[in-house]
Amino acid sequence: MKRVKALVKRVLRKRLLSILRPELKRIDGLEKTQKSLPRSPYFADRKDLFLNDIRYNYVIDDKVDMRTKRTIVSQIFYNTIGYYPNLSSPKTFSEKVLWLKLYYHDPRISVCGDKYRAKSYIDSVLGGGYTVPLIQRYECASDIDFDALPDQFVLKVNWRTGCNIVVEDKSRINADEIRAKLDYWCLPWKNSYYGSFNWGYHSVEPIIFAEQYLDIPHNTTEYKMFCFNGRVEFALLELDYFGKTPRRAYYDRSWKELPFQISRIKKASVSSKPDTFDDMVRIAEKLAAPFPYVRVDFYDISGKLYVGEMTFYSGGGFSRIIPGEWDTILGERLDISCAMRRMAEECAGLPA
């Protein structure tokens, strides 16, 4: 009987930990964030930290003005990066990305940030062959005919990162679970805009679509080209992106290793320059030409390049650059003066 009781206790404990682990990780993350802040009576308690909630942002969106939204994202920025942003006169790279996502209103961003509509922009600039082939678009999850899909495919929702279902073996799927998940991702507050008021997504409508399966998990490097004013400034290589030991490498456009990193994901080096690297630089700059800032992501599948996405608010504007001096150096290289002047002119033309 004692053995049975001990076994039941172990099983229950394991089950309870599996339920609580996500919440424990969240609290641990908040505690680490709090420890990184200056010691101050204003942030003495965790309850004083601003917690971002997409459903809250959805509810208040039409009830608050831009100044309030600016304050909200500035609080998130401070809690995440460690200094309070000056959005009236942004100087650092992080400040400028935050300013762009709040104030730079180019309608092409809504097209290129949309994972479905971006295909048309990429095709118009590069010609065909650089986007993952589309299989089918669906009005809603219940319209998906799984029998008509190949044995391997990917299902996506277009308006935020991470809404992907990769199917490597159709015979093993739970179709109802997939439909439920896709419909959940289409709830209105799941729009990336409500993550922290990312302007480019505000007008995007949810689209479910199926793409051809690419063997990305076994081609474990993703190439992210950071383009400043239409020119690749540096590349971030995600190594073992889908594995157990993710690392990041950083190189400039001439394949010179750079002395900084973004976030605390372990930094690594790459032994040799990829054969397709110069092609990625060239293609990224064609796509980035109209924009002050954009990140263009690539997959190299056995020498064939695919544009994964175009991201205008990398990390939501809350990515910490280490060491901090490089936040300033990169900020000096990113010129948003034209965008700021354009915004000022548009505001000046508004009725009093």
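## Remarks on the overall build of the chain
Phase 1 of the analysis: Counting its regular elements, the chain contains 11 helices and 11 strands.
Phase 2 of the analysis: Burial analysis of the chain (352 residues in total) assigns 44% to the buried set.
Phase 3 of the analysis: A separation threshold of at least 6 residues defines the contact pool for the chain, and within that pool the share at least 24 residues apart is 60%.
Phase 4 of the analysis: For the chain, the accessible area works out to roughly 19,100 Å², and carbon and sulfur atoms hold 52% of it.

## Overview of the nonpolar core
Burial of nonpolar side chains together is a common tendency in soluble globular proteins.
Phase 1 of the analysis: Counting 87 residues, the largest nonpolar core has Leu155 and Leu182 as the members making the most contacts within it.
Phase 2 of the analysis: Filtering out sequence-adjacent residues up to four positions away, Leu155 remains in contact with Tyr138, Ile144, Phe146, Cys163, Asn164, Ile165, Ile178, Leu182, Phe209 and Ala210.
Phase 3 of the analysis: Counting residues in each nonpolar core, the second largest holds 6 residues, with Val132, Leu214, Ile216 and Ile301 among its members.

## A look at the packing of helix H6 (residues 118-126) against helix H9 (residues 277-288)
Phase 1 of the analysis: One can describe the packing of H6 onto H9 by two numbers: an axis separation of 10 Å at closest approach and a directional angle of 110°. The orientation of H6 relative to H9 falls into the category roughly perpendicular. Note that H6 runs across H9; the crossing there is right-handed. The segment H6 lies against H9, with Tyr121, Ile122, Val125 and Leu126 engaging Ile283, Lys286 and Leu287.
Phase 2 of the analysis: A per-class count over the contact of H6 with H9 returns 6 nonpolar, no polar and 1 charged.

## Regarding the state of the cysteines
Covalent bonding between the sulfur atoms of two cysteines defines a disulfide.
Phase 1 of the analysis: One pass over the structure, following the stated rule, counts 0 disulfides.
Phase 2 of the analysis: Not part of a disulfide, Cys140 finds its nearest cysteine sulfur in Cys186, a span of 9.0 Å.
Phase 3 of the analysis: Note on Cys140: relative accessible area 28%, which makes it partly exposed.

## Some thoughts on the packing of aromatic side chains
Phase 1 of the analysis: One pass over the full model with this rule turns up 22 aromatic pairs.
Phase 2 of the analysis: Taken together, a centroid distance of 6.3 Å and an interplanar angle of 65° make the contact between Tyr78 and Tyr84 edge-to-face.
Phase 3 of the analysis: Of the residues examined, Tyr78 reaches a relative accessible area of 13% and is grouped as buried.
Phase 4 of the analysis: Their ring planes at 85° and their centres at 6.4 Å tell us that Phe228 and Phe234 sit as a pair that is edge-to-face. A single burial state applies to Phe228 and to Phe234, both of which are buried.
Phase 5 of the analysis: Ring pairs connect the aromatic residues Phe93, Phe226, Phe228, Phe234, Tyr250, Phe260, Tyr293 and Trp326, which therefore count as one cluster.

## A short note on the sheet that holds strand E3 (residues 164-167)
Phase 1 of the analysis: Spatially, E1-E4-E2-E3 is the arrangement adopted by the 4 strands of the open sheet, whose pairing is antiparallel. For this open sheet the edge positions go to strand E1 (134-138) and E3, each flanked by a neighbour on one side alone. The sheet shows a mean angle of 15° between the axes of neighbouring strands, taken without regard to direction.
Phase 2 of the analysis: For strand E2 (residues 153-157) and strand E4 (residues 208-212), the ladder comprises 5 bridges, and the chain directions are antiparallel. In the strand pairing of E4, Val154 is matched with Glu211.
Phase 3 of the analysis: Here helix H7 (residues 175-185) sits on the sheet and contacts E2, E3 and E4; the angle it forms with E3, its principal contact strand, is near 155°.

## Topic: the sheet that holds strand E10 (residues 304-311)
Phase 1 of the analysis: With antiparallel pairing, the 5 strands of this open sheet are ordered in space as E7-E6-E5-E9-E10. Looking along the sheet, the strands with just one partner apiece sit at the ends: strand E7 (247-252) and E10. Sheet twist, expressed as the mean angle between neighbouring strand axes with direction ignored, is 25°.

## Remarks on the confidence of the model for the chain
Phase 1 of the analysis: For the chain, per-residue confidence averages 88 on the pLDDT scale, and residues scoring 70 or more make up 84% of the total.
Phase 2 of the analysis: Confidence drops under pLDDT 50 across residues 26-37; counting only partners more than four residues distant or on other chains, this segment forms 17 contacts.

The rules behind each value
Residues numbered from 1 in each chain as written. Predicted model: local features only at pLDDT ≥ 70, side-chain atom pairs only at ≥ 80, totals over all residues. Heavy atoms only, no water. Helix = DSSP H or I, 4+ residues; strand = E, 2+ residues; numbered from the N terminus. Buried < 20%, exposed > 50% of the residue type's maximum accessible area, 1.4 Å probe, protein only. Contact = heavy atoms within 4.5 Å. Areas by Shrake-Rupley, 256 points an atom, 1.4 Å probe, with all protein chains shown as cover. Core = buried A, V, L, I, M, F, W, Y, C linked by side-chain atoms within 4.5 Å. Axes fitted to C-alpha atoms, helices over the stretch in contact; angles between N-to-C directions. Parallel < 35°, antiparallel > 145°, perpendicular 65-115°, else oblique. Left-handed = near helix turned anticlockwise from the far one by under 90°. Nonpolar A, V, L, I, M, F, W, Y, C, P; charged D, E, K, R; others polar. Disulfide = S-S within 2.5 Å. Phe/Tyr/Trp six-rings, centres within 6.5 Å; stacked < 30°, edge-to-face > 60°. Pairing = 2+ DSSP bridges. pLDDT = per-residue confidence, 0-100.

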